[in-house]
Amino acid sequence: MNSENVANEENEIRLAKLEAVLRTAVNAIVSIDSRGIIDSANPATTSLFGYREDELIGQNVKMLMPEPYAREHDGYLANHLRTGINKIIGIGREVSGKRRDGSVFPLHLAVSEYSVHGQRHFTGVITDLTTQKLAEQALKESEARLAQAQRVEAVGQLAGGIAHDFNNLLSVITGSQELLEMRLTEPRDLALLARAQEAAEMGARLTERMLTFARRKRLEPTEINFNEQVTGMAEMLRRTLGGNISLITNLGPRLWTVRADASEIENAILNLAINARDAMPSGGTLIIETANRSVEDAKIPRGDYVQLSVSDTGAGMSAEVLQRAIEPFFTTKPTGKGTGLGLSTIHGFVQQSGGSVNIYSELGRGTTINIYLPRWQEASLGPQTQTTTIEMAKGETVLLVEDNPDVRFVARERLEGLGYQVIEATSGVAAIVVLQSPERDIQIVFSDVVMPGGASGYDVARWIMAYAPRVKVLLTSGYPEEVARAQQAPLPDVKLLRKPHSRAELARALREALGDT
């Protein structure tokens, strides 16, 4: 064998090895020519971006980029060829990629340059950073929750100590006033004393709330049915709310009992109703709901709970206010209108009772406060896990529509765990684009209601009813159904699944929407 044949054989071996490396590489690897046209893409690229290889070859690589990268790419490439100035080549940096379904994700891009027969080419090695970014975000949120919990605990210890000492002072004041009342006869003196006594009683109520917040108040738990509590308070709440606010009660059937302090439950409902009234100065709707919930949410210990929800159609909270909502003495109300102990007191009492509080709010759309207390079962104060039949998929494909990347990630994991094939869209508009693709065989759309971009979940449902009626729809929202529907023209045939929901509730709702039950 002559030297030329040996060299050719060695080249073929090297090419075969290179091809094997490209085909098995975990990272996406794309090669383009000097015009930005893709001339090769490995399997990891097609898997990451959702295109077939033949759909990529011959196309401009900017198809894999969101704006403004796509708009700027050709100019950047031309400038590099002309001047040799590098922004990514040989350096690498974090940018964003765009999948076929329009979803945008974070990635790290490293680019190298090479020449073949005098023609300049570029190879990009792409690392998907989605999981890393989610983990970083989860860590930041965990650290923020820990810091907030530590702040609340520290203030709680201080508040508890102050309340204890202040109660001793109030005991002296009120006792002395009672003794003084027995000696006074002048009406004017007695009127002044009555005002002082009333102020002392207000101080006692305030210290009691501080003790509840600090979890130092002695609770008197009994077996309670939330439905009976709400029904017994309904008339009083209607008088408290006034004529311009409608009260709706949705009471769950066969509600489990809880073990808690009845007076604290009543105070919580009343406090939340007053907060809701203040958030709706021009009128609105207050909804009180109860339900049995089997919780699988990572933020709440798994088990069986009874959920009490108080929702309003008021002003809502900004993200900054929502983050501080349970902090003691934090209030957005004018001076003299609120102590800032309402939600923090509820939070303290619920935690002391073994439960959790969840707040869902958006500016201009209203607020929902969810209280979870453990289901009471004889000889056990803790939540009881119940065996639930999980209804699996039957080969269907779900279009998941959710703008929040963390929520979308968890939803996808759940859907795939139930056996569904999942396609993602980050907005209502992107969902409609996916639905228009003839290559997509989608049986059901699972969409959030409130999303940016001009198309809500209800808008997607209307489009489906008009142009793709065979596709089923299941919507989800942190608001109760009445609030979500009040913000949109009603679609009576579209089901709404409340957030947060368990895996079993999601599975059951999907099968119901698909017509299995």
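Each value, and the rule that gives it
Residues numbered from 1 in each chain as written. Predicted model: local features only at pLDDT ≥ 70, side-chain atom pairs only at ≥ 80, totals over all residues. Heavy atoms only, no water. Pairing = 2+ DSSP bridges. Helix = DSSP H or I, 4+ residues; strand = E, 2+ residues; numbered from the N terminus. Axes fitted to C-alpha atoms, helices over the stretch in contact; angles between N-to-C directions. Contact = heavy atoms within 4.5 Å. Expected span 1.5 Å × (residues − 1). Buried < 20%, exposed > 50% of the residue type's maximum accessible area, 1.4 Å probe, protein only. Core = buried A, V, L, I, M, F, W, Y, C linked by side-chain atoms within 4.5 Å. Phe/Tyr/Trp six-rings, centres within 6.5 Å; stacked < 30°, edge-to-face > 60°. Lys NZ or Arg CZ within 6 Å of the ring centre and 35° of its normal. Polar contact = N/O pair within 3.5 Å; in protein donor to acceptor, adjacent residues only side chain to side chain.

S.K.: Mind showing me how you'd approach the sheet that holds strand 5 (residues 119-128) here?
M.R.: The strands making up a sheet associate through backbone hydrogen bonding, with each pair oriented either parallel or antiparallel. Here 5 strands make up an open sheet; going across it, the order is 2-1-5-4-3 and the pairing antiparallel. This sheet does not close on itself; its edge strands, each paired only once, are strand 2 (38-41) and strand 3 (93-98). Strand after strand, the sheet turns through a mean of 35° between neighbouring axes, direction not considered. With 3 bridges connecting them, strand 1 (residues 28-33) and strand 2 associate as antiparallel partners. Paired with I32 across the two strands is I38, which belongs to strand 2. Helix 4 (residues 69-83) rests against strand 1, strand 3, strand 4 (104-116) and strand 5 of the sheet, and its axis sits at about 140° to strand 5.

S.K.: Help me out: how do you make sense of helix 8 (residues 262-278) in this one?
M.R.: The α-helix advances 3.6 residues per turn, and as a result positions three or four apart in sequence lie on the same side. In this model, helix 8 (17 residues) spans 25 Å end to end at C-alpha, consistent with the 24 Å of a helix rising 1.5 Å per residue. For helix 8, the complete set of buried residues consists of E264, I265, A268, I269, N271, L272, A273 and A276.

S.K.: Before we go on, may I ask you to explain the nonpolar core in this structure?
M.R.: Note on soluble globular proteins: their nonpolar side chains tend to be buried together. Of all hydrophobic cores here, the largest spans 35 residues; its most connected members are F226, I265, I269, L286, I288, I371 and L373. Dropping the residues within four chain positions of it, I288 is found in contact with V230, L237, L247, I248, T249, N250, I269, L308, S309 and V310. Counting 25 residues, the second-largest nonpolar core is a separate cluster that includes L399, L435, V445 and A468.

S.K.: I keep staring at the sheet that holds strand 13 (residues 397-401) and nothing clicks. Help me out?
M.R.: Taking strand neighbours across the sheet as the criterion, the 5 strands line up as 14-13-15-16-17 in an open arrangement whose pairing is parallel. Looking at strand neighbours, the two that pair on one side only are strand 14 (421-425) and strand 17 (495-498), the edges of this open sheet. Each adjacent strand pair in this sheet contributes to an overall mean axis angle of 25°, direction not counted. Note: strand 16 (residues 472-477) against strand 17, 4 bridges, orientation parallel. For L475, the partnering residue across the bridge sits in strand 17 and is L496. Against the sheet, helix 12 (residues 428-436) engages strand 13, strand 14 and strand 15 (444-448), with an angle of about 155° to strand 13.

S.K.: I'm lost on the packing of aromatic side chains in this one. Help?
M.R.: Think of a pair of aromatic rings as described by two things: how far the centres are apart, and how the planes are tilted against each other in angle. The full count for this structure, using the stated rule, is 3 aromatic pairs. Ring geometry for W463 versus Y467: centroids 5.3 Å apart, planes at 40°, classification tilted. Here W463 pairs with Y467, and both are found in helix 13 (residues 457-467), just 4 residues apart, close to one helical turn. Classification of W463 as buried rests on a relative accessible area of 16%. By relative accessible area, which is 59% here, Y467 ends up exposed. One cation-aromatic arrangement involves R99 over F105; the distance from NZ or CZ to the ring centre is 4.2 Å. Across the ring face of W376, the terminal group of R259 is positioned such that the distance to the ring centre comes to 5.1 Å.

S.K.: Looking at this model, I keep getting lost on the pairing of strand 12 (residues 366-374). Mind explaining?
M.R.: A regular strand places its side chains so that they alternate between the two faces of the sheet. When you tally the buried positions in strand 12, you get 9 out of 9 residues, the bulk of the element. What you see with strand 12 is no split at all: G366, T368, N370, Y372 and P374 on one side and T367, I369, I371 and L373 on the other are buried throughout. Strand direction decides the pairing type here: strand 10 (residues 303-312) and strand 12, joined by 8 bridges, are antiparallel. Looking at strand 12, one finds that Y305 is bridged to P374. Sheet topology note: the strand 11 (residues 356-362)/strand 12 ladder contains 7 bridges and is antiparallel. Residue pairing across strands places S361 opposite T367, the latter belonging to strand 12. Between the end of strand 11 and the start of strand 12, which pair antiparallel, lie 3 residues, with G364 showing a positive phi angle near 80°.

S.K.: Even after reading the chapter, I still don't get the side chain of S103, so can you show me in this structure?
M.R.: Relative to the assigned elements, S103 resides in the loop between strand 3 and strand 4. Of the residues examined, S103 reaches a relative accessible area of 1% and is grouped as buried. A polar contact is formed between the side chain of S103 and the side chain of D101, at a distance of 2.7 Å.

S.K.: Explain unusual backbone geometry to me, please; I cannot follow it from the model alone.
M.R.: With the exception of glycine, the majority of residues adopt a negative phi angle, and the majority of peptide bonds are in the trans configuration. Here the bond from E67 into P68 is cis, since omega is 5°, no more than 30 degrees from zero. In this structure, H117 is a non-glycine residue whose phi angle is positive, near 50°. Checked against the element boundaries, H117 lands in the loop between strand 4 and strand 5. Residue R254 is not a glycine yet carries a positive backbone phi of 45°. Within the secondary structure layout, R254 lies in the loop between strand 7 (245-250) and strand 8 (258-261).

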